[in-house]
Amino acid sequence: MTDINTTLPGQERYVAPLEETPLQTVDTVDESAPATSMWSDAWRTLRRNPLFIISAILIVFIIFVALFPGVFTKTDPNYCTLDDSLEPARPGHPFGFDMQGCDVYARVVYGTRTSLSVGILSTLIVVAVGTLIGAIAGFCGGWIDAVLSRIVDIFMAIPMLLGAIVVLQMFRTVTSIWKVVLVLALFGWVSTARIARGAVLSSKNLEFNTASTALGSTPMRNLFRHILPNSLAPIIVIATTSLGSYIVSEATLSFLGIGLPSTTVSWGGDISNAQSILRTDPMVLFYPSVALAVTVLAFIMMGDAVKDALDPKSRTA
Amino acid sequence: MGKYLLRRILQMIPVVLGTTLLVYALVFALPGDPVKAMFGDKPVNEAVAAQIRAEYNLDKPFIVQYFLFLKNALTLNFGETFAGQPVIAEIGRAFPVTIKLALMAFCFEAIFGCVFGVISGLKKGKWYDSVILIVSLLLISVPTFVTGFVGQYFLGVKWRILPVTAGANPGFFDLLMPAMVLGSVSMAYIIRLARSEVSSNIALDYVRTARAKGMSNTSVTFRHILRNSMIPVVTYLGQDLGALMGGAMITEQIFNIHGIGFLTYQSILKGEANMVVSVVTLLTLVFVVCNLLVDMLYAALDPRIRYA
């Protein structure tokens, strides 16, 4: 290579000296720094999003309440005396008392754990099962895909609430929260499976996959090392958003009297108990409803923020 | 188009069969003997019980029961409830109420969802855009039954604008609040969907081209932006019509509306297996047909989609 500033015979034209070209700005990029991956890019977008900051603070607080309810109240949520029935708030009992004379504040605090555990456990199962089945369908194709897709269609056609009630009716005597978790997962995995299948299908035939096959990696290794990590973004988005909807579903089932047993402190159950006194004492219904709404809102906002960060094409704000 | 329609209808058959089989299996795995339950507190007369079992095919193996049910269902004979009423008559009484409720909710969410969503997508960043966004987020996070109670308390009890419960033969006015409650969550989703569609379409090249041609603002909005933004909204609406009928269970429970959801919930609690299976079969059919109609609508909205 000759120096670009020297002019060879027959090349008499102006060539800007290197100092005058803006090329230097390109040269100043630090090549030794690691390239930004999609995840670090997403994390940078997230940190700047006020929606994420608000929802993250809320979620951390909610998790803290769920883990250590004793920090917030010394009252036993199951200690109820009819003497206190529908008593208004007084010092130490800021939200007053419900019909059975239980402290509403203590029940709201202790209900957090129930809602949160149902939401998180259902989401974990749904993500595991849905991703696995969706990935198998998308990756294998052929008759396996056809069969799995028809099964997804069948589950999709059953309204979630209706199916959940039919199944839960069978397990009325079971008192564990796992029955609600498993039922929500049973009717919830299909949407995740559908999305996982689509994501795997679209990244299956990309170049990096062909390249790693050419380098001799097995299909299984391809699936777990290359295809799945590249299909994770849409799965994470739907998981965050559906966490909130599982919390709503749990409350709805408990409200119908068919979800969690009445011995478990839950917002849905408390709202259901308060509905008969709605006209006279609306505040008993108000507090657990607000707690429920704030929790769901936090997860939905988090879902929005994560979606914005991971899928730049679908900015909502 | 005709060929495509035929293929889609053929594809519907395994889904409907699979769904009914799944629901039938779930329902008949329910514990508790419904025949014993019919005797109430009286001692069970084994001879009568056996006769009833034979009459309802309960003595046959499960898969035979299922095929007998299918055979009867094809002739719209869904059997009788344990009280001796034909199931089809009970459904016939409840279905119009739910259809009325679901259609009202559907119109409510479609009209208000699109109008607010499009306004806030076109005027992104204005104060009313933020208000619409916040309200829609709130509606999504508050469960339907809480929305129902809030509506009952303020509109019904405090301000006395609308009736608190609907009762047996509800009219338009009685169903107004239930329909708004039922449609509120979907309305919020439609607002968000329409907003993001409109605001992303507004920045695309074809909109700039249309403006450069000298088209008026109104016709750019209506002929180009809206038409392209409506495709996902129509998909959502179509799937939602089926979901509204199933989701009406909570709303019908709160407002005491004697529709399909109310009937199904009572039947599940009573172990009326015939009724549950029949209703779910019908709801599945509604859902599948709605999805088919949505796919047909695509072609009308987007000329690029042509079914071979």
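Nothing here was measured: the structure is a model prediction, and the numbers come from that model.

## Some points on the overall build of chain B
Reasoning step 1: A count of helical and extended segments in chain B gives twelve helices and zero strands.
Reasoning step 2: Each helix and strand of chain B, placed in order from N terminus to C terminus, yields the pattern α-α-α-α-α-α-α-α-α-α-α-α.
Reasoning step 3: The C-alpha extent of chain B, read off along each of the three principal axes, is 85 × 55 × 30 Å.
Reasoning step 4: Taking all 308 residues of chain B together, 36% fall into the buried category.
Reasoning step 5: Of all intrachain contacts in chain B linking residues separated by at least 6 positions in sequence, the fraction that spans at least 24 positions is 73%.

## Thoughts on the overall build of chain A
Reasoning step 1: In terms of regular secondary structure, chain A is built from eleven helices and zero strands.
Reasoning step 2: Starting at the N terminus, the α and β elements of chain A follow one another as α-α-α-α-α-α-α-α-α-α-α.
Reasoning step 3: Looking at chain A as a whole, 39% of its 317 residues qualify as buried.
Reasoning step 4: Restricting to contacts in chain A with at least 6 residues of sequence separation, those with at least 24 account for 70%.

## Some thoughts on the UniProt feature "transmembrane region" (unreviewed entry) in chain A
Residues and elements named next belong to chain A.
Reasoning step 1: Feature annotation in UniProt assigns "transmembrane region" (unreviewed entry) to the following positions: residues 51-72, 120-144, 151-171, 177-196, 227-248 and 285-306.
Reasoning step 2: Secondary structure content for residues 51-72 is 77% helix and 0% strand, and the end C-alpha separation is 26 Å.
Reasoning step 3: Within residues 227-248, the helical portion is 100% and the strand portion 0%, while the C-alpha atoms at the span's ends are 33 Å from each other.

## Describing the packing of helix 6 (residues 160-170) of chain A against helix 7 (residues 178-204) of chain A
Residue and element names in this part refer to chain A.
Reasoning step 1: In the contact formed by helix 6 and helix 7, the axes pass within 10 Å of each other and the chain directions differ by 140°. It follows that helix 6 is oblique to helix 7 by the angle criterion. The two elements helix 6 and helix 7 meet at a crossing, and its hand is right-handed. Touching Met160, Gly163, Ala164, Val167 and Leu168 of helix 6 are Lys179, Val183, Leu184, Leu186 and Phe187, all from helix 7.
Reasoning step 2: Split by residue class, the contact of helix 6 with helix 7 holds eight nonpolar, one polar and one charged.

## Here we look at the UniProt feature "domain: ABC transmembrane type-1" (unreviewed entry) in chain A
Reasoning step 1: In this structure's numbering, the residues bearing the UniProt feature "domain: ABC transmembrane type-1" (unreviewed entry) are residues 112-303 of chain A.
Reasoning step 2: Taken end to end, residues 112-303 of chain A has its terminal C-alpha atoms 20 Å apart, with 82% of it in helix and 0% in strand.

## Section: the nonpolar core
Reasoning step 1: Membership of the largest hydrophobic core comes to 142 residues, with the highest contact counts inside it found for Ala164(A), Ile165(A), Leu101(B) and Val276(B).
Reasoning step 2: A per-element tally of this core places helix 11 (residues 282-310) of chain A first, with 16 residues.
Reasoning step 3: Other than its neighbours up to four places away in sequence, Val276(B) contacts Val166(A), Val27(B), Thr264(B), Ser267(B) and Ile268(B).

## Quick look at the UniProt feature "transmembrane region" (unreviewed entry) in chain B
Residues and elements named next belong to chain B.
Reasoning step 1: When the UniProt feature table is mapped onto this chain, "transmembrane region" (unreviewed entry) is found at residues 12-30, 101-119, 131-155, 175-194 and 275-301.
Reasoning step 2: The span residues 101-119 carries 100% helix and 0% strand; its end-to-end C-alpha distance comes to 27 Å.
Reasoning step 3: Along residues 175-194, the helical share is 100% and the strand share 0%, with 26 Å between the first and last C-alpha atoms.

## Focus on the environment of Ile177(A)
Residue and element names in this part refer to chain A.
Reasoning step 1: In this fold, Ile177 is placed in the loop between helix 6 and helix 7.
Reasoning step 2: Sequence-wise, Ile177 and Ser122 are 55 residues apart; in three dimensions their C-alpha atoms are separated by 11 Å.
Reasoning step 3: Ignoring anything within four residues of it in the chain, the contact list for Ile177 reads Thr114, Ser117, Val118, Leu260 and Thr264.

## Overview of the interface of chain B and chain A
Reasoning step 1: Listed per partner, the contact involves 38 residues of chain B and 32 residues of chain A.
Reasoning step 2: Put simply, the parts of the chain that give the side of chain B that touches chain A at least two residues each are helix 1 (2-28), helix 6 (127-141), helix 7 (144-158), helix 8 (172-201), helix 10 (217-255), helix 11 (260-270) and helix 12 (273-301) of chain B.
Reasoning step 3: Among the elements that make up the side of chain B that touches chain A, the one with the highest residue count is helix 1 of chain B (eight residues).
Reasoning step 4: Residue composition of the side of chain B that touches chain A, by class: 28 nonpolar, nine polar and one charged.

## As for the UniProt feature "domain: ABC transmembrane type-1" (unreviewed entry) in chain B
Reasoning step 1: Those places that UniProt annotates as "domain: ABC transmembrane type-1" (unreviewed entry) correspond, in this numbering, to residues 95-298 of chain B.
Reasoning step 2: Between the C-alpha atoms that bound residues 95-298 of chain B the distance is 28 Å, and the span itself is 84% helix and 0% strand.

## Describing the confidence of the model for chain A
Reasoning step 1: Across chain A, the average pLDDT comes to 83, with 89% of residues at or above 70.
Reasoning step 2: When pLDDT is averaged over each helix and strand of chain A, the minimum, 65, is found for helix 1 (residues 23-27) of chain A and the maximum, 93, for helix 3 (residues 50-67) of chain A.

## Quick notes on the packing of helix 3 of chain A against helix 11 of chain A
Residues and elements named next belong to chain A.
Reasoning step 1: Packing of helix 3 against helix 11 leaves a shortest axis separation of 8 Å and a crossing angle of 140°. Taken as axis vectors, helix 3 and helix 11 run oblique relative to one another. Considering how the two elements wind past one another, helix 3 and helix 11 form a crossing that is left-handed. Residues Leu51, Phe52, Ile54, Ser55, Ala56, Leu58, Ile59 and Ile62 of helix 3 lie in contact with helix 11, whose contacting residues are Val294, Thr295, Ala298, Phe299, Met301, Met302, Asp304 and Ala305.
Reasoning step 2: Its residues assigned to classes, the contact of helix 3 with helix 11 comprises 13 nonpolar, two polar and one charged.

## Concerning unusual backbone geometry
All names here are of chain B.
Reasoning step 1: One non-glycine residue with positive phi stands out, namely Arg160, at about 55°.
Reasoning step 2: Looking at the secondary structure, you find Arg160 in the loop between helix 7 and helix 8.
Reasoning step 3: The exposure class of Arg160 is exposed, given the 9 C-beta atoms found within 10 Å.
Reasoning step 4: We note that Asn256 has phi near 55°; this positive angle belongs to a residue other than glycine.
Reasoning step 5: Here Asn256 is to be found in the loop between helix 10 and helix 11.

## Side note on helix 11 of chain A
Reasoning step 1: Here helix 11 of chain A spans 42 Å end to end across 29 residues, near enough to the 42 Å set by a 1.5 Å rise per residue.
Reasoning step 2: The buried fraction of helix 11 of chain A amounts to 23 of the 29 residues, a majority that puts the element mostly inside the structure.

## Some details on helix 6 of chain B
Residues and elements named next belong to chain B.
Reasoning step 1: For helix 6, spanning 15 residues, the distance from its first C-alpha to its last is 22 Å, which sits close to the expected 21 Å at 1.5 Å a residue.
Reasoning step 2: Listed in full, the buried residues belonging to helix 6 are Ile132, Ser136, Ile140 and Ser141. Along the axis of helix 6, the buried positions cluster into a sector of 160°, meaning they face one direction only. In helix 6, the exposed positions angled more than 90 degrees off the buried face are occupied by Trp127, Tyr128, Val131 and Ile134.

## Some points on the confidence of the model for chain B
Reasoning step 1: Confidence along chain B averages 82 in pLDDT terms, with 94% of residues attaining 70 or more.
Reasoning step 2: Scored by ipTM, the complex comes to 0.81, with pTM at 0.82.

Cut-offs applied
- Residues numbered from 1 in each chain as written.
- Chains lettered and ligands numbered in written order.
- Predicted model: local features only at pLDDT ≥ 70, side-chain atom pairs only at ≥ 80, totals over all residues.
- Helix = DSSP H or I, 4+ residues; strand = E, 2+ residues; numbered from the N terminus.
- Buried ≥ 20, exposed ≤ 12 C-beta atoms within 10 Å, placed from the backbone.
- Contact = placed C-beta atoms within 7 Å.
- UniProt positions renumbered as here; feature names shortened; annotations may be inferred.
- Axes fitted to C-alpha atoms, helices over the stretch in contact; angles between N-to-C directions.
- Parallel < 35°, antiparallel > 145°, perpendicular 65-115°, else oblique.
- Left-handed = near helix turned anticlockwise from the far one by under 90°.
- Nonpolar A, V, L, I, M, F, W, Y, C, P; charged D, E, K, R; others polar.
- Core = buried A, V, L, I, M, F, W, Y, C linked by C-beta atoms within 7 Å.
- pLDDT = per-residue confidence, 0-100.
- Expected span 1.5 Å × (residues − 1).
- Arc of directions from axis to C-beta.

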